[in-house]
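This is what each chain is made of:
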Amino acid sequence: MSASTSHHYTTTGLDSRKIGIWTFIGSECMLFITLISTYLIYKGRSLVGPFPHEVWKDPSTGHVFHSILNIPVTSFSTFVLLMSSLAMVLALAAVENRSVPKRTLGDKILGSSKLWIFVTALLGTVFLSCQAYEFTSFVHEGLTIHTNLFGSSFFTLTGFHGAHVTVGVLWLLSLLVIDFKRGLNESDVLHVDIMALYWHFVDVVWIAIFTLVYLIK
Amino acid sequence: MTGSPRLRRFASLGAYAALALALAACAQKFPNTTFEPHSEYGRAIDFLWNRLLFFGTGVFVLVEAALLFVVFKFRRRDETTTPPQTHGNTKLEILWTLIPAVILVFIAVPTVRTIFETQAKAAPNALEIDVYGHQWWWEFQYPEYKITTANEIYVPKGRTVNFVLRTKDVLHSFWIPQLAGKRDLIANHTNYLWFTPDTSAPTTVWNGFCTEYCGSSHANMRFRVVTVTPEEFANWVTRQQSPAAFGAVPATPPATAIVTPAVATSATTAPVTPAVATAATAATAATTAAPAAPIATEPPGWVLPHEQVPAYAVPQTPIPAGVDFNDKLVGDPARGMALFTGAGTCNGCHTIAGNPAAVGNIGPNLTHVGSRIAIGGGLYKNDAYHLARWVKNARVMKPGNIMTTLGKGQFDPQMKLTTPGGLTDQQIADLVAYLQALK
Amino acid sequence: MATTVFTPGTDVQHDVPKPFVPSPAPATVVKHKGGFWSWVATTDHKRIGTLYLFTALFFFIVGGLEAEVIRAQLGGPNRHLVSAELYNQIFTMHGTTMVFLAIMPLSAAFFNFLIPLQIGARDVAFPRLNAFSYWVYLFGGIFITAPIFFNMAPNGGWFAYVPLTTRAYSPGHNLDVWVIGIQILGISSLAAAVNFITTIINLRAPGMTLMRMPIFTWMSFVVQFLIVLAFPVITVGVFFLMMDRFFGTQFYEVAAGADPLLWQHLFWIFGHPEVYILILPAFGLVSEVLPTFSKKPLFGYPVMVYSGIVIGFLGFGVWAHHMFAVGMGPIADSVFGLTTMLIAIPTGVKIFNWIGTLAQGQVKYSTACLFAVGLVALFTCGGISGVMHSSPPADLQQTDSYFVVAHFHYVLFGGSIMGIFSGIYYYFPKLFGRMMNETLGKVHFWINFVAMNLTFFPMHFSGMLGMPRRIYTYDAGQGWDTFNAMSTGGAYLLVVATSIFLFNFFRSMKKGKPAGPNPWGAATLEWTIPSPPPNYNFATIPTVTSRYPLWEGREADIESARINQQGGKTAQQLGIVLPYNTIKPLLVALSMTIMFMGLMFNYWVIGAGAAAVAIFLYAWLASPLEPEHH
């Protein structure tokens, strides 16, 4: 992010980049709403399996596919992503309160932006690893993006989400590098704030996906 | 600044009325008009249209008159006068919000009523016609009569016809402007369009069009609808149910009798002499047995005589450059029949009922192609001249055509090469004679 | 206020601006330093707007020539000027070009150039993102247009219905070009929308509340929200088609049970707001022009704002009126029929308010004003035929026939294009510091008005008399010959009209009479600064106390206007810091285009393009927007 700060006059008193990211998130909402809607429209309309919540026997080979979604594993990865949002909140607080003196070890831990940015990125990576594991196991079990309507819409939806998480992780890592190089200070609060906004958004989208795709039959 | 706004308004209304009258009177000149309904569906739409036109014209005239009035009256007279700095008028705003809303109610109510009326389930005794859209021709089946035909249908006046619309490939749309609104053919969907042709409608041919862009020859995907009396329809059914006239191998009688409606009087045709049953009844590859003796070219039943087909229903599509043919050649239908399942390989795509080797189902059913008004998906006039060139190079005759270029030395625009082998003009003439015999 | 900064003598003029009085013309026009680099690396919204204008005019000509081929082919029955395949490419490109490469960017030219000036800002919120939007548009436009020279132009219609556009039925590269091109162009619009929403929310001059904003900025504001919410939907829909075509997914594969209507819904959920995106800016321009030349305020400003917002909302609720023939069922048909009728109300209200603006005025029919009145007259016609479409049973005769073609050309040509021409004649002096020739302008208007009606009015008839759409030819004896001949004649006349306009435009750039800050005696902030504006726009950011600063503003408004209209100072002299010129947005745009193109040619190209995007994007984000200052 450019080093210049905007001390320019603004009508709302907010930095323009804040408004910009909210607008961008508005468009991203529509993106995911469309992806999720397509998934829901095609739910139950695949002509061949495997299916998300039912068993299917392939009439030509006789192979039996069990319901392909793995709720326990995905519940874990959802939990991980939720915890990453908590870490993000702590990271932002740490940057905002950089100048507050930290007395106890607990304060120092809570106040370490490097730690919490790292934890956020780490948890995000764990989430992505779970996704990767899930996708590869689906492929081994016979569900690819080409297999049926479910496969196409499922992988595209979760793939888009995963791509957003990936972008977020890379962004977090670049923040971490800046923190190590020169330290994040008050002038970076906006940057970290915007990062947090993006990260929480990606988390909320996942909650919607998890509910509508995994939990609801 | 000529004339008063009121005079202008009446003049516009008068012009519209005159135009409408002129159009209504000229149905002959406008064979695909939507302003002359011939079914209850058409009349329902026409009622809405007239109401829309009434209000639309009224609003148009009033608004344009107001605009013209204001434009002329408030021209700048001098540079020093400052006009009153009106910012708005709440009463006016409310008025000109509510009045259009009220007008719209007069449109909305009959609209919703017509929607539900026309989209109710078709009457159970309606004549079902299954429509299958193909790139770029129309397949029609009458399940009630076990008829399969292409690009031309007959419907009896006074009986509800229910078109069941499906597509075999991309999206198409089924439109007979003079009879009803249109309905799309959507893959993985079945749509329905039903209406009852008026008993008072003339016995004539109506043009039909594909109205959903479907690729190269979307413009060339046309069909014909013939409204006839119930008796004429019954006779047409008889014709369609009969196997092909020329060289037909009589089929074993069907398990269930085909019910044909009672025939009051019908034009008598020469009695059909069934072809001599040959041993080659099995649908094997091209038969080498001698073709069956030719039978009378008019099978039982009836089609609309060519003299009664109106000019607008007979295509005038010119032959594209590059497809020449020696029209002096005389074709032999017996040789043509052999070629159909032989060198021509036509039976790979086409069905001719009564010819057991011709059971292809990629292209249109040709059982009675000889008596159709048009060929090539309603594109060319059905005569030897056009049919010969169609067979010779169907891909130049119709862009994108799936039917191959058959003529020797003809350029195939899709494969971009000249066919090394292929049919000679004489062979084509024979095929054409055969096809023309299939009345 | 530091009035001692300004020294008389070097300034153009410094009379106190009076309401309705045009500023006197200066003797000479200030020439800004040009040079290729200053254009290629610009982040100045005025330059970017100028780039949009020229590029969009170019594509308007391209789309117009495509239309001329269409009309030449359809002028009579059974013509074969072009083959069916080429015709299908041409009509597809005509629609695609006019919607995405001509009208939207012409509106964008005005957004770019005008919005900061109207709200009293020095630039948009994200100047480099602004440049990026333009370059993406340019490269995307070239990418989607050039293939026609290789017989590879998109040929599925501008709406690209599946399954025709799936790989199975369109195996060539034509539709690959379309899906990639549309994605690229979508990114341009989306980035610009984020930019303008932020700009309008956050960079208004002190005192300019939302209800004091010029009406063009208001309409543009609504448009940006439409873009932000509608473009992602088509992005996803086209992404599905892209995945199907390139990677074998099943989104639109009939054999897998897919529903072709999914494409139609996604396309039209975008497509209907898109048409409001196309018309609202023109409405905004007309709402600026009519008050100026009537010498009175816009009639019903709040209603004009609210009706614009309502149109924006309702615009998302009518999309399936493009699908009345697909068999959605009576309930869906009825609902969408009713919402479509409903949206006629706020639209009609605008027409009445424009008439109300002219009424009681002292109206001068400059060319800009003529085009504005032309929009009011012609859009009324198009709006009425639109209401005719709103009744689904009646629409079953009208849809997919030439009646629809008549309708949308009345609203797009008679509406959008007329409004844009009005805006061009009106804002040309501000942009170039010179006046366009009024006589040529009036000739342009009248020939255009006659030609437009001659071209499109007969289409109402050919449609209702049974002529389908999107056909490359038609048979004789169908009753359509005369109407088509009239339409073709009108189309040829449009070439004459447009040529006159282009001649006037380019000649006036060099030889037009010099224009002062306010040649029309208008009211809003953009007319308080020199023509063309200095790169910093406003020497002093004005404080706004009224909707019409130059007509109804108080002492402070007039004083800041008096200061701002003086030219001759550089930003440095005034202590104003402006963003750096930078080529990084261009480089990101180019890399991104190449990355997308890799889909068609070589997957390594995708990787290389993505890497280049990452590198140049990082460089962009890591470098400062403007010099350090306090």
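Trainee: Which parts of the structure should I look at to understand the overall build of chain B?
Mentor: The helix and strand inventory of chain B stands at 8 helices and 14 strands. Across the 439 residues that make up chain B, the buried fraction comes to 51%. Within chain B, contacts between residues separated by at least 24 positions form 67% of all contacts whose residues are at least 6 apart in sequence. Only carbon and sulfur atoms are counted for the fraction: they give 64% of the accessible area of chain B, which is about 19200 Å².

Trainee: Sorry, what's going on with empty space enclosed by the protein here?
Mentor: In this approach, a probe sized like a water molecule rolls over the atoms, and the result shows the empty space that is left. Residue and element names in this part refer to chain C. Under the criterion given, the structure shown has 9 cavities of 30 Å³ or more. Here the largest cavity defines a volume of roughly 190 Å³. Met-104, Pro-105, Ala-108, Ser-188 and Ser-189 are, among the 15 residues lining the largest cavity, the residues nearest its centre. Going through the elements one at a time, helix H3 (84–119), helix H5 (174–202) and helix H6 (215–247) are the ones with two or more residues in the lining of the largest cavity. Broken down by element, the lining of the largest cavity gets its largest block of residues, 6 residues, from H3. When grouped by side-chain class, the residues that make up the lining of the largest cavity number 11 nonpolar, 4 polar and no charged.

Trainee: Is there a simple way to explain the sheet that holds strand S8 (residues 191–195) of chain B in this structure?
Mentor: The strands making up a sheet associate through hydrogen bonds between their backbones, and the pairing can be parallel or antiparallel. All names here are of chain B. Taken in spatial order, the 5 strands of this open sheet run S3-S2-S1-S5-S8, and their pairing is mixed. Two strands lie at the open edges of the sheet, namely strand S3 (147–150) and S8, each paired on one side alone. If you compare each strand with its neighbour and ignore which way they point, the axes differ by 25 degrees on average. Sheet strands touched by helix H4 (residues 230–241): strand S1 (127–134), strand S2 (137–142) and S3. Its angle to S3, the strand with the most contacts, is close to 90 degrees.

Trainee: Got a minute to help me understand the domain arrangement of chain B in this structure?
Mentor: Often, the extent of an interface is quoted as the loss of accessible area upon association of its parts. Taken as a whole, chain B is organised into domain 1 (32–71 + 89–120), domain 2 (127–240) and domain 3 (279–436). Each of domain 1 of chain B and domain 3 of chain B has a C-alpha centre, and these two points are 50 Å apart.

Trainee: Looking at this structure, I do not really get the interface of chain C and chain B. What am I missing?
Mentor: Taken together, the 101 residues of chain C in the interface contact 93 residues of chain B. Across the chain C/chain B interface, buried area totals approximately 7900 Å², and carbon plus sulfur atoms make up 65% of it. Summed over the shared surface of chain C and chain B, the result is 1 salt bridge. Secondary-structure elements contributing two or more residues to the side of chain C that touches chain B are H3, helix H7 (260–294), helix H8 (301–314), helix H9 (330–358), helix H10 (367–389), helix H11 (392–398), helix H13 (438–464) and helix H15 (549–552) of chain C. The element contributing the most residues to the side of chain C that touches chain B is H9 of chain C, with 14 residues.

Trainee: How do you make sense of helix H16 (residues 555–564) of chain C when you look at a structure like this?
Mentor: Since one α-helical turn is 3.6 residues long, residues separated by three or four positions face the same way. All names here are of chain C. Of all 10 residues making up H16, 7 are buried, and the element is well covered by its neighbours. Taken together, the buried positions of H16 are Asp-557, Ile-558, Ser-560, Ala-561, Arg-562, Ile-563 and Asn-564. Summarising the contacts, the buried residues of H16 are in contact with H15.

Trainee: Is there a simple way to explain the packing of H10 of chain C against helix H12 (residues 402–432) of chain C in this structure?
Mentor: Helix packing geometry: the angle between the two helix axes and the distance between the axes. Residue and element names in this part refer to chain C. Put simply, H10 and H12 touch, their axes get as near as 8 Å, and they point 160 degrees apart. Judged on the interaxial angle alone, H12 and H10 are roughly antiparallel. The interaxial crossing formed by H10 with H12 has left-handed handedness. Class assignment of the residues belonging to the contact of H10 with H12 gives a composition of 16 nonpolar, 12 polar and no charged.

Trainee: Sorry, what's going on with the nonpolar core here?
Mentor: In terms of nonpolar packing, the biggest core is built from 328 residues, with Ile-129, Phe-163 and Phe-174 of chain B together with Trp-135, Trp-263 and Trp-354 of chain C touching the most fellow members. Counting residues in each nonpolar core, the second largest holds 31 residues, with Val-391, Leu-406, Leu-423 and Ile-428 of chain B among its members.

Trainee: I keep staring at the sheet that holds strand S10 (residues 222–228) of chain B and nothing clicks. Help me out?
Mentor: Residues and elements named next belong to chain B. Ordered in space as S4-S10-S9-S6-S7, the 5 strands form an open sheet in which the pairing is mixed. The open sheet has two edge strands with one neighbour each: strand S4 (152–156) and strand S7 (183–185). Between one strand axis and the next, the sheet turns through 30 degrees on average, direction left out of account. Bridge count for S4 against S10 is 5 bridges, and the pairing is parallel. Residue pairing for S10: Ile-153 is matched across the bridge by Val-225. Seen against the sheet, H4 touches S4 and S10 and runs at an angle of roughly 140 degrees to S4.

Trainee: What's the story with unusual backbone geometry in this structure? I'm lost.
Mentor: Note: most peptide bonds trans; most residues except glycine with negative phi. Here Gly-49 of chain A and Pro-50 of chain A are connected by a cis peptide whose omega angle stands at 5 degrees. Looking at where Pro-50 of chain A falls in the secondary structure, it is placed in the loop between helix H1 (16–42) and strand S1 (56–57). Cis geometry is found at the peptide bond from Gln-135 of chain B to Trp-136 of chain B, where omega equals 0 degrees. For Trp-136 of chain B, the position within the fold is in the loop between S1 and S2. Look at Asn-78 of chain C: it is not a glycine, yet its phi comes out positive at around 55 degrees. Tracing the chain through its elements places Asn-78 of chain C in the loop between helix H2 (45–74) and H3. Residue Asp-400 of chain C is not a glycine yet carries a positive backbone phi of 60 degrees. Within the element layout of this structure, Asp-400 of chain C appears in the loop between H11 and H12. The buried category is assigned to Asp-400 of chain C, whose relative accessible area is 8%.

Trainee: What am I meant to see in the arrangement of the chains here?
Mentor: Counting contacts across all 2 pairs of chains that touch, the top-ranked interface belongs to chains B and C. Of all C-alpha pairs spanning chain A and chain B, none lies closer than 11 Å, and the two are not in contact.

Trainee: Looking at this structure, how should I read the pattern of salt bridges?
Mentor: Between side chains of opposite charge, pairing is possible as soon as their charged atoms come close. On inspection of all chains with the given rule, the structure shows 21 salt bridges over all chains. Where Asp-176 of chain C meets Arg-167 of chain C, a salt bridge forms, and the shortest distance between an N and an O atom there is 3.2 Å. Each of Arg-98, Lys-114 and Asp-179 of chain A takes part in one network of salt bridges that share partners.

The rules behind the values
- Residues numbered from 1 in each chain as written.
- Chains lettered and ligands numbered in written order.
- Predicted model: local features only at pLDDT ≥ 70, side-chain atom pairs only at ≥ 80, totals over all residues.
- Heavy atoms only, no water.
- Helix = DSSP H or I, 4+ residues; strand = E, 2+ residues; numbered from the N terminus.
- Buried < 20%, exposed > 50% of the residue type's maximum accessible area, 1.4 Å probe, protein only.
- Contact = heavy atoms within 4.5 Å.
- Areas by Shrake-Rupley, 256 points an atom, 1.4 Å probe, with all protein chains shown as cover.
- 1 Å grid on protein atoms, 1.4 Å probe; cavity = no way out; pocket = protein on both sides within 12 Å on 5 of 7 lines; lining within 4 Å.
- Points joined across faces, edges and corners; volume = space filled by probe spheres on them.
- Nonpolar A, V, L, I, M, F, W, Y, C, P; charged D, E, K, R; others polar.
- Pairing = 2+ DSSP bridges.
- Axes fitted to C-alpha atoms, helices over the stretch in contact; angles between N-to-C directions.
- Domains from an automatic or database assignment.
- Buried area = accessible area lost by both parts, 1.4 Å probe.
- Salt bridge = Lys/Arg side-chain N within 4 Å of Asp/Glu carboxyl O.
- Parallel < 35°, antiparallel > 145°, perpendicular 65-115°, else oblique.
- Left-handed = near helix turned anticlockwise from the far one by under 90°.
- Core = buried A, V, L, I, M, F, W, Y, C linked by side-chain atoms within 4.5 Å.

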